[in-house]
Amino acid sequence: MRVVALGCDKSGYPALLRWGEEGSLPFDEVKIFSLPCLGLVTEEVIFRILENSDALLLAGCPLDSCHNQKGSQGVYLKVKRVNSLLQEADIPKKVAIAFVTSGKVGEIEKVSEELLGREK
Amino acid sequence: MNKLLWLENEAFSFPDFWIEEMERDNGWKIEVKNWGNKPDNFTEYDRIFILGDSFSFTQEKISSLSEEWEVNPLKVRVFPAEEVKIIFPKSFLSILEKFIIQSLSQPLFPVEARRVVPENRVLVLPQLSPALEQTLKKRGIDTIVPPSSFSLQREGINFRLYPSGDNVGAIIISPLEEKKFPISFSSSVQDTRKLVDIEFMEKEIEKRDFRKETIGFIIPKKGVTEKEWRKAFHLSQTLVERDKAEVFILVEEVLVAGENLEKEYRKARSSGVIFEKVDFSKLGTRPTLDMRGIEVEFATERDKLKREVKVDWLVLLPERNILPFKLAPFFCGDKIEGEILPLENPNVLPFSSGIEGIFLCPSEKEEELSLVIKKYLTEGVVREIGRGEVDEEKCVLCLTCLRTCPWEAIEIEGERKKARINGERCHLCGLCASFCPAHAIEIKGLSLENWVSAVSLGGKNESSSFRL
């Protein structure tokens, strides 16, 4: 499974990197990118990324303490919408979001299991 | 010929032959310097690349460096060298080359990094405590006593107070706190008079000794200050060492994040104080038959079986909860929603409420808060002016951006009444652009095209990691 991972540079990206460095990635290929805030991610961006990958993993600040107040909330709604559209169209691709603080990889591991369809 | 500057650090440096190879193949002129040997003039370079340790170089840090170097922030890019080296070592050079090509292909919009410094004056709500007043005065920060009736409005990075018209750089909220015990006790347990607080124990320990007695402490997870933890470690250690008492401390979590606090915790443990991690919801108490002590029933995290211990004294530390503060009624026109509560994200500024310029001051933290405020008021923040732009032709004035922006950076102005981004307030979170139904807003350098092209650079079978 080819996965693109996007993390905000406040919380998600450092956590994604630690997850990558710890080495036991459950996917065939992961590309990790950072951006100032997850609030920048639009539905269009998600679909464009999914054209070249099987799944998209987003990692950002916790919902109630986002660095930009509503960045995580905004993208959470979009992820829900995109997933329901993918399901409706019967496209076997997925988008998942992990709310983390930097350095905490547990939530990313949980979400990556979800992407693999092995929900804990 | 493109003139490029690479700033490398001690942890990672370029082998010379890479530079030569890249210069030869692409016609670039590359200068490699380290942080200790930075050039005096950065404006002569077409792009400035920073190598490595990318999570130290957040968007805010890049803005700040651009302001210091007097260059367009769009010219500065961070290549996460260490991460690429660790995660994808084989394709390092090709990723690096593609990264440079991609950076050079991006257009340079006129963007300026500018430092915005707030007024050196604060407003404290609801009331200024003497301790806070003293520490702010010591650091040279003026305070404004709130009049009986007033309203606030944002004015750039400052807040304007009406009707006086004074500007303040920050607002400090000293929230009310509520003390409560983590578990409830029956009246028969309270009748034993062996249920005491830490202050009582502190006084008693000076008057008498607790030879061969058993003393239990219950310390909650939330709202216990560093000072109280220190006191608990010290008292328990004294009881064991001086009086040969048996002391155990029931906790949900031990706080050791403080100066020398871990050392004190270890000292208490090695003196013989027993620390047990328990679930407070399953903790039970009842008086002993002779009413001279309390029986405590608990299950530890290690051993799930319930244990019962008879204690002569049970010392309690209260849980301190910050009561939410409603700031919205003080603001006229500005969108300040919800209640102000402390944030539990270590990546935001300490004491921040999540709203720029509004800080929370928990009790006994006045000194630390005043340091944070002083830094904020003297250094200010760096903002990128001209990065976010609204296309007036596309804007339909639906006000989605105005409602979405968490930083109040959208203004409606001009003859044609169109939305405009105030660069002094914009944090580049991109929420306005991502929610705009007319696609009228662009955050330059962070548009869809930049994203997708960066993502597709890795190719089908080549794993790669980039910083956008």
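In this text, all values refer to a predicted model and were calculated from it rather than measured experimentally. (Residues numbered from 1 in each chain as written. Chains lettered and ligands numbered in written order. Predicted model: local features only at pLDDT ≥ 70, side-chain atom pairs only at ≥ 80, totals over all residues. Heavy atoms only, no water.)

As a further point, take the side chain of Thr-300 of chain B. Residues and elements named next belong to chain B. Its location among the elements puts Thr-300 in the loop between strand E18 (294–299) and strand E19 (306–311). In this structure Thr-300 comes out as buried when scored by relative accessible area, which is 4%. When neighbours within four sequence positions are excluded, Thr-300 is seen to be in contact with Glu-276, Lys-277, Val-278 and Arg-307. (Helix = DSSP H or I, 4+ residues; strand = E, 2+ residues; numbered from the N terminus. Buried < 20%, exposed > 50% of the residue type's maximum accessible area, 1.4 Å probe, protein only. Contact = heavy atoms within 4.5 Å.)

Residue and element names in this part refer to chain B. Confidence along chain B averages 83 in pLDDT terms, with 89% of residues attaining 70 or more. Contacts of residues 456–468 to residues separated by more than four positions or lying in other chains number 58 contacts, the stretch itself having pLDDT below 50. In the model output, the complex is listed with pTM 0.70 alongside ipTM 0.81. (pLDDT = per-residue confidence, 0-100.)

What follows deals with the sheet that holds strand E1 (residues 3–8) of chain B. Residue and element names in this part refer to chain B. Spatially, the 4 strands line up as an open sheet ordered E2-E1-E3-E4, and their pairing is parallel. Every interior strand has two partners, whereas the edge strands, strand E2 (29–34) and strand E4 (76–79), have only one. Each adjacent strand pair in this sheet contributes to an overall mean axis angle of 25 degrees, direction not counted. The sheet contact formed by E1 and E2 spans 6 bridges and is parallel. Counted as the bridge partner of Lys-3 is Lys-29 from E2. On top of the sheet, helix H2 (residues 59–69) reaches E1, strand E3 (47–51) and E4; it is set at about 135 degrees to E4, its chief contact. Docked against the sheet, helix H4 (residues 92–105) engages E1, E3 and E4, running at close to 165 degrees with respect to E4. (Pairing = 2+ DSSP bridges. Axes fitted to C-alpha atoms, helices over the stretch in contact; angles between N-to-C directions.)

In this section: the pairing of strand E1 (residues 2–8) of chain A. Residue and element names in this part refer to chain A. With 6 of 7 residues buried, E1 is to be regarded as a mostly interior element. Looking at chain direction, E1 and strand E2 (residues 29–35) are connected through 7 bridges and run parallel. Note that in E2 the partner of Leu-6 across the bridge is Phe-33. Bridging between E1 and strand E3 (residues 55–60) involves 5 bridges; their strand directions are parallel. Across the sheet, Leu-6 pairs through a bridge with Leu-58, a residue of E3.

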